[in-house]
Structures are given as C-alpha cells and as structure tokens.
Amino acid sequence: MDRILRVTIAAAPPPRLDKALARDVPEEAALSRTRLSRLIAEGAVSRGAEVLRDPKACVEEGDEIAIAVPAQQDYHVEAQAIALDVRHEDDDLIVVNKPAGMVVHPAPGSPDGTLVNALLHHFGGNLSGVGGEKRPGIVHRIDKDTTGLLVVAKSDRAHHALAAQFADHSVDRAYMAVVHGVPDQADPRLLGTRGVSVEGGAITITSGLARHRTDRQRQAVYFDGHGRHAITRARVLERFGTPPAAALVECRLQTGRTHQIRVHMAHAGHALIGDPVYGGRRKLSVKALGADALAVAQDFHRQALHAAELGFDHPDGSGRMTFRADPPDDLSALIAALRGA
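Residues numbered from 1 in each chain as written. Predicted model: local features only at pLDDT ≥ 70, side-chain atom pairs only at ≥ 80, totals over all residues. Heavy atoms only, no water.

**Remarks on unusual backbone geometry**
Thought 1: With an omega dihedral of -5°, the bond running from T242 to P243 counts as a cis peptide bond.
Thought 2: As for its position among the elements, P243 is in the loop between β12 (228-240) and β13 (246-253).
Thought 3: One non-glycine residue, A12, lies in positive phi territory at about 50°.
Thought 4: Examined against the element boundaries, A12 turns out to sit in the loop between β1 (3-8) and α1 (17-24).
Thought 5: Unusually for a residue other than glycine, H259 sits at a positive phi of about 60°.
Thought 6: We classify H259 as buried; its relative accessible area is 16%. (Helix = DSSP H or I, 4+ residues; strand = E, 2+ residues; numbered from the N terminus. Buried < 20%, exposed > 50% of the residue type's maximum accessible area, 1.4 Å probe, protein only.)

Written out as structure tokens, the structure is:
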C-alpha cells in the first residue's frame, strides 16, 4: 500500500516543482531528486485535487503537496547473523551503537553485511515495514565510516512517531569530531566565512546543503535558497598541540542532512581528520604535535566522527530517553595520541 507523504513548501521556493520538493522533502523520507521526478511523471504528486505531472510546475510558499510513495520491493534482504552492540531494546524500538565500516541499509555496492541485515536476524524479521523492504525500521542514518548511536523502529507506530520527531528537529544528536585546527570564536577568518556566526558560546554554521554540481558523491554548501536548510552548532571541547593544531569538537545537529557535519566543518575551514572526501589536502604540523601523534593521525583513514549522544521521546508516551556511547577504540587512540602531543 502506498504511504502518503505530505510536504509544505517553505519560504522562497525554487520556481520548479521538482526542485522545490528536492529542497523541502525531509531527508528521512530518502527520496532522491531522480525518484521524485519519477513519482511526478507517474502522477503520484498532487496539490489538493490537482495531479501535478509537470516537473516544471510552479509552486508557492505554503502549498500543501501530497506524494504517494509506493513501498519499495526491489529485492529480498537476507537476515544475517552479525553481532550488534545493543544499548536498549523494547517492543517498539532498538538503539544500537554502529561500528565503523557498516552501512545502515542495503544499497548498490553494499547489498549485504548491513545493519538492516543484522537487525532482520536479530528480530526474526520483526521490523517496521514503513521504510520498504530495503530499509525496514530505519528512520535515520549515519555514514558507513561514522560510528555511534542509531534508533531503529520495530513497529509501524514507533516508525511514524520517531520519523515525526526527526522531521520537526526535536531529536537531540551530539557528535564528537576531531578536526584540523581549532575553531576560534574570535578568528576574523572564521567569522568572515559566509553562514558562520557565534551564538551562546558555540559556532553556528547555517546553509543549504545539496549534491555537488559536478561530483554526485559529495554534498556542498549553498546559499540563497538552494539546497536543504542545515544548521550545525560546534563547541570546542579540547585543543591539541603546541601551538594548538587540532581540536576535539562537539557538534550538535539542529537538522540532519547527508554528510552535514563533514561538509559544514570543511566549509568553516576545519575539516575532520581522516575524512577522505572533504578533508582536502590539510596536513597536521609535526612541530606542533610531535612525530608520534602525527603518525597516529596520518594513519586514521576514516572521518574522525562519532555519534555520541541520542535523545528522543519514546513513541509510547512514557517520556524522554537519552543514550550516550563512548568513542570506539580507534578514535579513543587518536584522541589519546593527540593529548600526548
């Protein structure tokens, strides 16, 4: 059965229906612009009683758009006996601490060995069907090489309730990141970077995020209404080196877009150590850190990012739940090495 996704067009929309939906459809819906275009062509998109089949159709702020999204049945996902670090489980949901190297759900290039494969085995197939066969129970994701906490829905009721919290940004998400340089609230360069401001002792980065115009594997920062609205708040927890050359930063998400922290910190001039996509050619100083710490940092071949805190209201109305997870061994070793610099 189709599910109906209802989207309200936000302020200053792009002139075309397909672009407006690509901007305003929640990230958690997992609808690419290509899939949205296909749904438009199939007559699955409407405004009131009007079916919108033209991707160039004009939309206005406040328009209520309904999208009939068919359940995905692309292929059967096999249950696999893969160990899970379970932090909480009840009748409605499970909270897991994902390791580095694990993809959240099957996708081209990663058909198995995913968190979904492991969960299907763990539950004997008992997961919310809202996300379709490829991503049952999944209401949010973290990157393959990012570690940390995820909540997964076991019931359709929980799936809808959790998805609504992610959509209205009421979920608390805090990440630990190790970055090049030290974000300094008094740095004229940082404060002169578009989209960067200082609020309440934290550095706030605000922009649109969308696919890079030429590299479809990357996300990019945009302004002037292009891309999905994204806000990251970063606070320095610890400085490393003499003079300081790296920092441990807490990043809190007000929105949750693809690669958001990685893109925003790189935009601010403080890319994550080890990030193969957004790290650029940044090099750490052996003079500031010493040879031993530098060697550990250079051998860290994934983005130094960990989802350390996750908080949400339980779907059954019983109250707020908050979970915390210490960084994994490789990230802990990196931090320890930098502390010794």
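**Observations concerning helix α9 (residues 329-339)**
Thought 1: Along α9, the residues that are buried comprise L331, L334, I335, A337 and L338. Buried residues of α9, viewed axially, fall in a sector of 160°; they line one side. In α9, the exposed positions that point more than 90 degrees away from the buried face belong to D329 and R339.
Thought 2: If you follow the buried residues of α9, they end up packed against β8 (172-180), β12, β13, α7 (286-289), α8 (291-298) and β14 (305-313). (Arc of directions from axis to C-beta. Contact = heavy atoms within 4.5 Å.)

**Description of the pattern of salt bridges**
Thought 1: Going through the model one piece at a time under the given rule, you end up with 20 salt bridges.
Thought 2: A salt bridge links D224 to R194, with the shortest nitrogen-to-oxygen separation between them at 3.0 Å. With D224 in the loop between β11 (219-222) and β12 and R194 in the loop between α5 (188-191) and β9 (196-199), this pair connects stretches of sequence that are 30 residues apart.
Thought 3: Here R262 and D275 are joined by a salt bridge, their closest N and O atoms 2.8 Å apart. Residue R262 is found in helix α6 (residues 260-267), and its partner D275 is found in the loop between α6 and α7; the two are separated by 13 residues along the sequence. Each member of the pair, R262 as well as D275, carries the same accessibility label: buried. (Salt bridge = Lys/Arg side-chain N within 4 Å of Asp/Glu carboxyl O.)

**Overview of helix α4 (residues 156-167)**
Thought 1: Over its twelve residues, α4 extends 16 Å from the first C-alpha to the last, a length consistent with the 16 Å expected when each residue adds 1.5 Å.
Thought 2: Those residues of α4 that sit buried are A158, H159, L162, Q165 and F166. Seen from one end, α4 has its buried residues packed into an arc of 130°, which puts them on one side.
Thought 3: Residues of α4 that are buried in the fold lie against β6 (93-98), β7 (147-153), β8, β14 and β15 (320-324).
Thought 4: H169 lies just past α4 and shows a positive phi near 65°. (Expected span 1.5 Å × (residues − 1).)

**Concerning the nonpolar core**
Thought 1: L115, Y175, C251, I261 and M265 are the most contacted members of the largest nonpolar core, which totals 34 residues.
Thought 2: Those elements that provide at least two residues to this core are β6, α3 (115-123), β7, β8, β10 (202-211), β13, α6 and β14.
Thought 3: Of all the elements, α3 adds the most residues to this core, at five residues.
Thought 4: Every residue in contact with M265, bar those within four places of it in the chain, is listed here: V179, P183, I205, A234, C251, H270, A271 and L272.
Thought 5: Grouped together as the second largest cluster of nonpolar side chains are 21 residues, L39, A44, A57 and I65 included. (Core = buried A, V, L, I, M, F, W, Y, C linked by side-chain atoms within 4.5 Å.)

**Things to note about the side chain of T255**
Thought 1: Position of T255 relative to the elements: it lies in the loop between β13 and α6.
Thought 2: A polar side-chain atom of T255 sits 3.0 Å from the main-chain amide nitrogen of I231.
Thought 3: Within polar-contact distance, the side chain of T255 engages the side chain of Q260 at 2.9 Å.
Thought 4: Apart from residues no more than four positions distant in its own chain, T255 is found in contact with H169, R173, H229, A230, I231 and Q260. (Polar contact = N/O pair within 3.5 Å; in protein donor to acceptor, adjacent residues only side chain to side chain.)

**Some thoughts on the side chain of R35**
Thought 1: Inspection of the secondary structure assignment puts R35 in helix α2 (residues 33-41).
Thought 2: Residue classification places R35 among the buried positions, given a relative accessible area of 16%.
Thought 3: A polar contact of 3.4 Å, which involves the side chain of R35, links it to the backbone oxygen of P70.

**A short note on the sheet that holds strand β3 (residues 50-51)**
In any sheet, the strands associate via hydrogen bonds between backbone groups, in a parallel or an antiparallel arrangement.
Thought 1: Strand order in the open sheet formed by four strands is β1-β4-β2-β3, with antiparallel pairing between adjacent strands. The two strands at the open ends of the sheet, each matched to only one other strand, are β1 and β3.
Thought 2: Pairing geometry for strand β2 (residues 45-47) and β3, over two bridges, is antiparallel. Within β3, the residue paired with R47 across the bridge is E50. (Pairing = 2+ DSSP bridges.)

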